[in-house]
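If you want the building blocks of each chain, they are given just below.
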Number of protein chains: 2
Amino acid sequence: MARATIVGAGMTRFGKFPDRTVRDLAEEAARAAMGDAGVTAVDVQRVFFGNAVSGLITGQEMIRGQIALRDLGLGPIPVLNVENACASGSSAVHQAVTSIEAGQSDLVMVVGAEKLTHEDKRRSFEAIGTAVDLERLEQLERDLYGDEPAADGDRSFFMDVYAAMAKRYMDRSGATEADFAAVAVKSHDHAATNPVAQYRDPVTVDQVLSSRHISGPLTLLMCSPIGDGAAALLLASEERAEQMRADAVQVAASVLVSGLGTDDDPAGIGARQAYEQAGLGPDDVDVVEVHDAAAPAELIMYEELGLCGPGEGPKLLASNETRIGGRVPVNPSGGLISKGHPVGATGVAQLVELTEQLRGRCGERQVDGARIALAENGGGYLGPHPAAVTITMLQRG
Amino acid sequence: MARATIVGAGMTRFGKFPDRTVRDLAEEAARAAMGDAGVTAVDVQRVFFGNAVSGLITGQEMIRGQIALRDLGLGPIPVLNVENACASGSSAVHQAVTSIEAGQSDLVMVVGAEKLTHEDKRRSFEAIGTAVDLERLEQLERDLYGDEPAADGDRSFFMDVYAAMAKRYMDRSGATEADFAAVAVKSHDHAATNPVAQYRDPVTVDQVLSSRHISGPLTLLMCSPIGDGAAALLLASEERAEQMRADAVQVAASVLVSGLGTDDDPAGIGARQAYEQAGLGPDDVDVVEVHDAAAPAELIMYEELGLCGPGEGPKLLASNETRIGGRVPVNPSGGLISKGHPVGATGVAQLVELTEQLRGRCGERQVDGARIALAENGGGYLGPHPAAVTITMLQRG
């Protein structure tokens, strides 16, 4: 079986860009990845395009990839539009890996792009809020809020989901709001050295705790922001990659799971499958990006990924081992909280960061000697689990 | 390389079903396909879900497949949401074939489902109208209409696209409005014996020509209707299929092309690739389903698929060789005009029909001795070409 290898990576800065379009963002990321790989658009054999909410934000419900990339100079190649909520980008990567493993293509482009900002901020929140079962929203809200007041439209419904998750985690681990704040402090410290991050100013625990209350234990600085951006990867077969560059990065595992029909966290299921696929374990991992749409998720992921035992998330965080310089830095990019979270771009951007880490090109935020990397990207909510989780492992050749 | 094989097929009736939901339709089709294959939901290893416009019609913009199929009893398996406008369903099939060819799964389900009707019919037309470049709509309309009046909101913008295509075809082939009417007559005759078709009453050429004017040479009965429905397939590896059933149907070719960067019709490009992949030619094909969103498209496809030479579409139609009982029946199901066109379901439903034809289970509309089948499914419009076209070839073992 042909193994997929990353030969090009590029992304835009993440942020609120009222004047930029999905097309504009996607093109910039695609051109950066092609330039990095040393190929042109006519070399690309297949495109997977990850986007989550353009239908509701820009009105472009269909053929989003063909439209966003039509000025790039691609040939009449297959373009597939892939959606899996906040895991859309990595689901597109998963498809690209499959295509290469099938021997169907030997140079595939993945672009994840999202324009999430809208002049009416409620539109952005409402769009994100469609990653749940809308026909059963009332039941979902009852499960979530009990007798508490429901979401007031000035925040994403998903922050209420994360708040409920955070409370359950506090109960079983003893984690405190200060622990969640410490996650945000670390993320912001990391993002301070990342030129593409949405927020690059360090913050203190007190600043995080005293920022605007969002939901349950969550404050504004514990939550990923609304933002726009795009990221792109070029993947090749191993043979093709060998002809292209010396610092190619292998995809050691690519796993997608859903939250259907299970009592377990899909991230844990996916992580076990990924470690088996890669023939590696948690101790082998040098650098990690996790889907911290809200800060508590990072601590929960420490456990699901096997970086620490059950309930040990706060202790692992406090040990500073997940900071740059520690044993296994988590979210060196700044993560979703600080780097930003333009939905469909996020999963691809995580892998752009990890590719650059494995190539040793991250400057101040470089994780020294990183050889094995892991990304976890989650999307949607089925109650009580996410609808889609991907685990991707990368390995320096 | 593992070859993909169809081991289960099922679909709902197509039609306007105000009281049915995407979930309800998708479940019925999925259960029918699983029943046909003799498997249960826990046996399914991966799902590809094709849907085009739920974000605009029902509001369910994200995780459409997980939501539609969540009561089915699936395990925590990968679910991928695939969109390619009217070619969403067959694009999902293409992905399923790839997954099997990669050795990633040996039992994959594809569901294409669409709820296109809306109490406000303009919403349905507007939704379909998002399969073009919305940022460049003015230019597109200028190219399409010149000095003529633009679409008036009481029809799909796409019927104007098909009308322009029809006029170009009339110029180069000498086809007449009566020829287009004859396509509709044939489709309705075929659909009369198809229990899942939306329209089952035969029509005459005069009735077609005197039905309501839609755009250019097109009248109402030459155009595919608004409708709802779902279709599902189960695909297995060849080894697995051999253990499952004697009348399994092999996927001999699965090709997806886009209308980017080419002067040729993508359907012609795709057909050539498909024939090469299958090691077969147009003369080998026994039965065909084409994407006749409007009647002229059927004649154009005769030529693109190599069933006749350039300009010979009207002659081939008049010869009755594309009727059931002729040399190469086209759209025995009734096609999009008569069977119906619930966007995301269409491409899967074409393959359900062809699977049943190759199994010899089509009763009155059976194409005798059919061994090789071909489906063409198109989606979106980039001006002048569709955004996505799939060509799928099936072969009886």
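Everything discussed here concerns the structure shown above.
Residues numbered from 1 in each chain as written. Chains lettered and ligands numbered in written order. Predicted model: local features only at pLDDT ≥ 70, side-chain atom pairs only at ≥ 80, totals over all residues. Heavy atoms only, no water.

Digging into the overall build of chain A
- The helix and strand inventory of chain A stands at 15 helices and eleven strands.
- Over its C-alpha atoms chain A spans a radius of gyration of 19 Å, differing by no more than 12% from the 21 Å that the globule rule assigns to 397 residues.
- Along the first, second and third principal axes, the C-alpha set of chain A runs to 60 × 45 × 40 Å.
- Counting only contacts in chain A whose residues sit at least 6 apart along the sequence, the fraction spanning at least 24 positions is 76%.
- Accessible surface for chain A amounts to roughly 12,900 Å². Of this, 47% is attributable to carbon and sulfur atoms.
- Each charge sign in chain A was given a centre, from 34 positive and 55 negative side chains, and these centres are 4 Å apart. (Helix = DSSP H or I, 4+ residues; strand = E, 2+ residues; numbered from the N terminus. Rg over C-alpha atoms; globule rule 2.2 N^0.38 Å. Contact = heavy atoms within 4.5 Å. Areas by Shrake-Rupley, 256 points an atom, 1.4 Å probe, with all protein chains shown as cover. Lys, Arg positive; Asp, Glu negative; His and termini not counted. Charge placed at Lys NZ, Arg CZ, Asp CG, Glu CD.)

Focus: the environment of Val328 of chain A
Residues and elements named next belong to chain A.
- Mapped onto the secondary structure, Val328 falls in the loop between α13 (313-318) and α14 (335-338).
- The buried category is assigned to Val328, whose relative accessible area is 0%.
- A C-alpha to C-alpha distance of 8.4 Å links Val328 and Leu307, two positions 21 residues apart in sequence.
- Beyond its immediate stretch of four places on either side in the chain, Val328 contacts Val285, Asp286, Val287, Val288, Leu307, Glu321 and Thr322. (Buried < 20%, exposed > 50% of the residue type's maximum accessible area, 1.4 Å probe, protein only.)

Section: the pattern of salt bridges
- Following the criterion strictly, the structure yields 48 salt bridges over all chains and no others.
- In this structure, Arg23 of chain A and Glu135 of chain B form a salt bridge, with 3.1 Å as the shortest nitrogen-oxygen distance. With Arg23 of chain A in helix α1 (residues 22-37) and Glu135 of chain B in the loop between α5 (121-128) and α6 (137-145), this pair bridges two chains.
- Relative accessible area serves as the criterion here: at 7%, Arg23 of chain A is assigned to the buried category.
- With a shortest N-O distance of 3.1 Å, Arg240 of chain B and Asp106 of chain B are connected by a salt bridge. In this pair, Arg240 of chain B sits in helix α10 (residues 238-244) while Asp106 of chain B sits in the loop between α4 (88-101) and β4 (107-115), placing the two residues 134 residues apart along the sequence. (Salt bridge = Lys/Arg side-chain N within 4 Å of Asp/Glu carboxyl O.)

A look at the side chain of Gln66 of chain A
- Note that Gln66 of chain A resides in helix α3 (residues 64-68).
- You can call Gln66 of chain A buried: its relative accessible area is 0%.
- Within the structure, Gln66 of chain A has its side chain in polar contact with the side chain of Asn81 of chain A (distance 3.1 Å).
- Of note is the side chain of Gln66 of chain A, whose polar atom sits 3.3 Å from the backbone oxygen of Ala387 of chain B.
- Ignoring anything within four residues of it in the chain, the contact list for Gln66 of chain A reads Val79 and Asn81 of chain A together with Asn84, Leu260, Leu382, Ala387 and Ala388 of chain B. (Polar contact = N/O pair within 3.5 Å; in protein donor to acceptor, adjacent residues only side chain to side chain.)

Points about the pairing of strand β4 (residues 107-114) of chain A
Residues and elements named next belong to chain A.
- Counted residue by residue, β4 has eight buried out of eight residues, so it is predominantly covered.
- Neither face of β4 is left uncovered, since the one carrying Leu107, Met109, Val111 and Ala113 and the one carrying Val108, Val110, Gly112 and Glu114 both have all their residues buried.
- Alignment of strand β2 (residues 46-50) against β4, held across five bridges, turns out to be parallel. The residue bridging Gly50 from the neighbouring strand is Gly112, located in β4.
- Relative to strand β7 (residues 229-237), β4 is paired through eight bridges, and the arrangement is antiparallel. The partner of Glu114 across the bridge, within β7, is Gly229. (Pairing = 2+ DSSP bridges.)

That's the geometry; what it means functionally is another story.
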